[in-house]
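Descriptive analysis of the structure
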Amino acid sequence: LDGGRVLRSLVWRSENQDLVSATRITSTIGRVFAFLLIGFGVFNLFLGNFIGGMWWFIIGLFLNNAAQASFRQVYIRKYLEGQKVSRFMKQNPVTVPGSTSVRDLVENYIYRYHYKMFPVVDDGELKGCITTKQLSDLDKEEWDTKTVADLAAGCGKENTVSPDADAPQVLQLMRRNGQSRMMVTEGGRLAGIITLKDLLEYVSTRAELERQ
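Check the secondary structure of the protein and you find nine helices and five strands. Its helices and strands in sequence order give the protein the pattern α-α-α-α-α-β-β-α-α-β-α-β-β-α, from N to C terminus. Taken over C-alpha atoms, the radius of gyration comes to 23 Å for the protein, far larger than the 17 Å a tight globule of 212 residues would show. Referenced to the eigenvectors of the C-alpha coordinate spread, the extents of the protein come out at roughly 65 × 45 × 25 Å. Relative to its full complement of 212 residues, the protein shows a buried share of 34%. Contacts in the protein between residues at least 24 apart in sequence constitute 57% of all its contacts with a sequence separation of at least 6. For the protein, the accessible area works out to roughly 13300 Å², and carbon and sulfur atoms hold 53% of it. The protein carries 26 positive and 23 negative side-chain charges, and their two centres are separated by 9 Å.

Spelled out as structure tokens, the structure:
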């Protein structure tokens, strides 16, 4: 919250302008304060002040989650800073022809690979993509009559990135659009797939190796 940001700026100055260290210290202080609020809320519950106790308890949980999220975001930015999408993308991804029926898509692609998004490619040309979210509003009786081409979304800034795009910006785009997979295009052609899982696994591995 605002108080936490002010505290972090003060700690940042005393920690030789080390943002990660300042965030870790501030996050720890915030979590301690959050647990004190949670404990105070539980104490009020035992005293019979149910509404007041619940409010303190909920506020404490909120502050604890905010402190943890702030620390995670700083670590993610630190480890992804300067990295390009080309480092993480998977080349030669599984694609779906536009003529594929929805039933075939579900049974032979989604249930097989467990992906939520597939690029739609015909004769080597990228037409767009199809997602499980697009199928959620489709009546199951139409699975045999509708094709992937009938439902596929075109390529745009919301679902495609370039190989030279910055990984932190792509991660923010995924979070903003609620996507876990994006197409990587170069010259209008499909170059690969970038996934949220691959980005976070890289961050997790670096955090483990550089824990000290």
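For helix α5 (residues 102-113), spanning twelve residues, the distance from its first C-alpha to its last is 15 Å, which sits close to the expected 16 Å at 1.5 Å a residue. Within the span of α5, buried status applies to V102, L105, V106, Y109 and I110. Viewed along the axis of α5, the buried residues span an arc of 130°, placing them on a single side of the element. Seen from the buried face of α5, the exposed residues on the opposite side, beyond 90 degrees, are Y111 and R112.

The rules behind these values
- Residues numbered from 1 in each chain as written.
- Predicted model: local features only at pLDDT ≥ 70, side-chain atom pairs only at ≥ 80, totals over all residues.
- Heavy atoms only, no water.
- Helix = DSSP H or I, 4+ residues; strand = E, 2+ residues; numbered from the N terminus.
- Rg over C-alpha atoms; globule rule 2.2 N^0.38 Å.
- Buried < 20%, exposed > 50% of the residue type's maximum accessible area, 1.4 Å probe, protein only.
- Contact = heavy atoms within 4.5 Å.
- Areas by Shrake-Rupley, 256 points an atom, 1.4 Å probe, with all protein chains shown as cover.
- Lys, Arg positive; Asp, Glu negative; His and termini not counted.
- Charge placed at Lys NZ, Arg CZ, Asp CG, Glu CD.
- Expected span 1.5 Å × (residues − 1).
- Arc of directions from axis to C-beta.

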